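# Descriptive analysis of the structure
As a plain string of letters, each chain reads:
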Amino acid sequence: MPNRRRLYLIIAALCFALIGAALYLQHVQRLAPCPLCVIQRYAFLAGGIFSLAAAFAPKERLWAALGLASLLGGLGTAAKHVYVLANPGFTCGIDPVENFLNKLPTAEAMPWMFEAYGACEEAHGLFGLSLPAWAAVWFVLLGAALLALVVKRR
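Structure report, in brief.

Rules behind the numbers
Here the residue index of a chain counts from 1 through its sequence in written order. Only residues with pLDDT of at least 70 are given local features in this predicted model, and only at 80 or more are side-chain atom pairs given and counted; all residues enter the totals for whole chains, interfaces and linings. Values shown for side chains rest on all heavy atoms present in the structure; no hydrogens or waters enter the calculation. Numbering of helices and strands runs from the N terminus, with a helix taken as a DSSP run of H or I at least four residues long and a strand as a DSSP run of E at least two residues long. Burial status follows relative accessibility: with a 1.4 Å probe on protein chains alone, a residue under 20% of its type maximum counts as buried, one over 50% as exposed, and anything between as partly exposed. Contacts between residues were defined by any pair of non-hydrogen atoms, one from each residue, lying within 4.5 Å. Helix span, expected: 1.5 Å multiplied by one less than the number of residues in the helix. Take a side-chain nitrogen of Lys or Arg and a carboxyl oxygen of Asp or Glu: if they are within 4 Å of each other, that pair is a salt bridge. As used here, the term nonpolar core means buried Ala, Val, Leu, Ile, Met, Phe, Trp, Tyr and Cys residues forming a set that is joined through side-chain atoms within 4.5 Å.

We note that Arg30 has phi near 60°; this positive angle belongs to a residue other than glycine. Along the polypeptide, Arg30 turns up in the loop between helix H1 (4-27) and helix H2 (35-56). Residue class for Arg30 comes out exposed when judged on its relative accessible area of 66%.

This is the structure we're talking about:
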């Protein structure tokens, strides 16, 4: 079995790879990210950064717990996104969340990654699942791995 540091690094790499996939879909496939998509990017980014910190920091469980909290927040956002897709009358549209997200320093510095300009109800699918549903699957898998690392003794 891989050691704990290697597992944290794998979790971090997967989080960053999922952000890379989102950027591919945005810039190559021309799928505009909505506010809920951008919040999920932040959650994957935080989960990856905290997992990376857990791999090298002396208080690994603290960092892993923060990563887990980030991924749980992302799971909640993905669940709301799936709900929006399942209820076409419900929309997030252009709302204060989008305006808030687009005024964050990260969105102003890196609009190619963090600017929200799409509609939440226009999510595409892959292999029979919507992209938010796939994000939810990854949030669950990565969160379960971090949870196992947090509760398991060395």
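Next up on the list: the side chain of Gln26. Assignment of secondary structure puts Gln26 in helix H1. Sequence-distant contacts of Gln26, defined by excluding residues within four places in its chain, comprise Leu31, Pro33, Arg41, Trp112 and Tyr117.

Let's shift gears to helix H3 (residues 60-86). Owing to its 3.6 residues per turn, the α-helix aligns residues three or four sequence positions apart on the same side. Under the 1.5 Å per step criterion, the end-to-end length of H3 is 38 Å for 27 residues, consistent within 8% with the ideal 39 Å. The inward-facing, buried residues of H3 contact H1, H2 and helix H7 (131-151).

Turning next to the pattern of salt bridges. According to the stated counting rule, one finds one salt bridge in the structure shown. Residue Glu60 is joined to Arg4 by a salt bridge in which the shortest nitrogen-to-oxygen separation is 2.7 Å. Of this pair, Glu60 sits in helix H3 while Arg4 sits in helix H1; the two residues are 56 residues apart in sequence, bridging distant segments of the chain. Pair check on accessibility: Glu60 and Arg4 agree, each one buried.

Turning our attention to the environment of Gly20. Relative to the assigned elements, Gly20 resides in helix H1. Residues Gly20 and His81 lie 61 residues apart in sequence; the distance between their C-alpha atoms is 20 Å.

A separate point is the nonpolar core. The biggest cluster of nonpolar side chains holds 28 residues, and the ones touching the most others in it are Tyr8, Phe44, Leu71, Phe139, Leu142 and Leu146. Only H1, H2, H3, helix H6 (111-114) and H7 provide two or more residues apiece to this core. No other element matches the seven residues that H7 contributes to this core. Residues within four places of Leu142 in sequence aside, it is in contact with Ile11, Leu14, Cys15, Leu18, Phe44 and Leu71.

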